[in-house]
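Here is what each chain is made of, one letter per residue.
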Amino acid sequence: MAKRKLNRRQQWRIQKIQDERLARANKKQKNFNNDDELLDQVHHHGVVVSHFGATLDIEDDSSHLLVRCALRQNIDAIVCGDKIVWQKLTNIAKNVQIQGVVTALDARSTVLARPDFTGQMKPVAANIDQLLIVTSPVPELNEGLIDRYIVAAELSHIQPIIVLNKIDTLSHEQRQVLEKRIKIYQDIKYQILYTSAKSQHGLDTLLEQLTGKVSVFVGQSGVGKSSIINALLPNANIKEGEVSLATNKGTHTTSVSRLYHINTPSQTQSSEVQTSLIDSPGVREFGLWDISREDVIHGFVELQQYIQHCHFRDCKHLNEPNCGLLKAIEENKISEQRLNSYHRIIDSIDS
Ligand SMILES: Nc1nc2c(ncn2[C@@H]2O[C@H](COP(=O)(O)OP(=O)(O)OP(=O)(O)O)[C@@H](O)[C@H]2O)c(=O)[nH]1
Ligand SMILES: [Mg+2]
Ligand SMILES: [Zn+2]
């Protein structure tokens, strides 16, 4: 499906807010927490590589060097992939670690958000084109989680792609069983990639899919998100974890998201194409608490077309007569599992 864009008015509003923020940041040349320290007058542009605690690592757009920055307090949560303006600290002797301050945040084209433990929506990554939903035979394939990620991606105008990793661990029969389960998504329209970070199988096709785009790798702990990025970028040296033999669950090895670049020669021009990958910490679940009941159906793209055939305008698609969705299931046009998943998400929003 084509990527949906923000409408002009939304774009204008976002730009206006950012312009005002930038103007405020430009006015205030004093530093972030100590009035004696001054910021250099030059505004540099960069992208956020990682954000941990009060500190950010950013990559400067011109020098491509990593700069450790503090964050000006009036700026909201900044995440991996954010485009920012930063200024050098003129007096860094007192604090050699921090070299600059992030003073403004550019408008985001897309943002992936999820609720934190208090239920408040928090951005996870910004300016992303693709959501790589990584799954593996161990920990177990979780279709409910895949569906939640797909809803979040569709509503955020990000292309979801499903990656089934660790295929080196499967016998022919086991692979057939999993392929059958995952075929539901292929039938809808989603791309499925089969990979092994260990044997490198499928990594060429994956790299083709990633080239020139910004992609965030998400999924349960232990499915191999970091291992895939390590296999694509051996110099990245990302820490990989174990999958617990006792519980078959991952051990939450990656604790902060981080952005990596691959520069590949362009096939059509002599220049290089920049490819960005964001590794993210594994999740136990992915909540969708900030969306309305009406929104959920837009995350189930293949179901959407059938609700117009429902007899009742407020049809809940449970057992009503002349329900377009139930009829589509009878006619094998849509999967019952996906409709059940839709209902589970609706129930979780209501409760
Ligand atoms: N056999 C096999 N093992 C893999 C593959 N990919 C990853 N693993 C193993 O799976 C375990 C978990 O890998 P990680 O890359 O740390 O998983 P992750 O998804 O980054 O996990 P978190 O950072 O905890 O979210 C490690 O022991 C990896 O060696 C694969 O393709 N095949
Ligand atoms: Mg990891
Ligand atoms: Zn209905």
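Placed above this text is the structure.
How do you make sense of unusual backbone geometry when you look at a structure like this?
Most peptide bonds take the trans form, and the phi angle of most residues other than glycine is negative. The amide bond that connects V138 to the next residue, P139, takes the cis arrangement and shows omega of -5 degrees. Structurally, the position occupied by P139 is in the loop between β8 (130–135) and α2 (143–155). At H252, a position not held by glycine, the phi torsion is positive, near 50 degrees. Relative to the elements of secondary structure, H252 occurs in the loop between α5 (225–232) and β12 (258–265).

Which parts of the structure should I look at to understand the site of ligand 1?
In the vicinity of ligand 1 there are 23 residues, among which D168, S221, S227, G241 and T254 approach most closely. Residue K166 places a side-chain N or O atom 3.1 Å away from an oxygen atom belonging to ligand 1. In this structure, an oxygen atom belonging to ligand 1 sits 3.3 Å away from a main-chain N or O atom of H252. Coverage of ligand 1 by the protein amounts to 88% of the 650 Å² it exposes when considered alone. In terms of residue class, the shell around ligand 1 is made up of three nonpolar, 14 polar and six charged.

Got a minute to help me understand the coordination of the magnesium ion (ligand 2) in this structure?
Reference values for angles at a metal are 109.5 degrees in the four-donor tetrahedral case and 90 or 180 degrees in the six-donor octahedral case. Around the magnesium ion (ligand 2), the protein contributes the donor atoms S226 (OG) and T254 (OG1), which lie 2.0 to 2.2 Å from the metal centre. Of this pair, S226 sits in helix α5 while T254 sits in the loop between α5 and β12, and the two are 28 residues apart along the sequence.

Explain the sheet that holds strand β5 (residues 100–105) to me, please; I cannot follow it from the model alone.
Note: strands within a sheet are paired through backbone hydrogen bonds, in either parallel or antiparallel orientation. Taken in spatial order, the five strands line up as β1-β2-β3-β5-β4 and close into a barrel, and their pairing is mixed. For this sheet the average axis-to-axis angle between neighbouring strands, irrespective of direction, equals 55 degrees. When strand β4 (residues 83–88) meets β5, the two strands line up antiparallel, connected through five bridges. When the sheet's bridge partners are listed, W86 is paired in β5 with V102.

Would you take a moment to explain the coordination of the zinc ion (ligand 3) for this structure?
In this structure, C310 (SG), C315 (SG), H317 (ND1) and C323 (SG) serve as the protein donors to the zinc ion (ligand 3), at separations of 2.1 to 2.4 Å. What the four donor atoms of the zinc ion (ligand 3) show is an angle range of 101 to 116 degrees at the metal, which sorts the shape as tetrahedral. All donors to the zinc ion (ligand 3) come from one chain, and their sequence spacing reads C-x4-C-x1-H-x5-C. Remark: C323 occurs in the loop between α7 (301–304) and α8 (324–330) and C310 occurs in the loop between α7 and α8; sequence separation between them is 13 residues. Here C310 matches C323 in class, with each residue buried.

Thresholds, definitions, all that
- Residues numbered from 1 in each chain as written.
- Chains lettered and ligands numbered in written order.
- Predicted model: local features only at pLDDT ≥ 70, side-chain atom pairs only at ≥ 80, totals over all residues.
- Heavy atoms only, no water.
- Helix = DSSP H or I, 4+ residues; strand = E, 2+ residues; numbered from the N terminus.
- Near = heavy atom within 4 Å.
- Polar contact = N/O pair within 3.5 Å; in protein donor to acceptor, adjacent residues only side chain to side chain.
- Areas by Shrake-Rupley, 256 points an atom, 1.4 Å probe, with all protein chains shown as cover.
- Nonpolar A, V, L, I, M, F, W, Y, C, P; charged D, E, K, R; others polar.
- Donors = N, O, S within 2.8 Å, 3.2 Å for Na, K, Ca; no water.
- Pairing = 2+ DSSP bridges.
- Axes fitted to C-alpha atoms, helices over the stretch in contact; angles between N-to-C directions.
- Tetrahedral: all angles 85-135°; square planar, octahedral: opposite > 155°, others 65-115°.
- Buried < 20%, exposed > 50% of the residue type's maximum accessible area, 1.4 Å probe, protein only.

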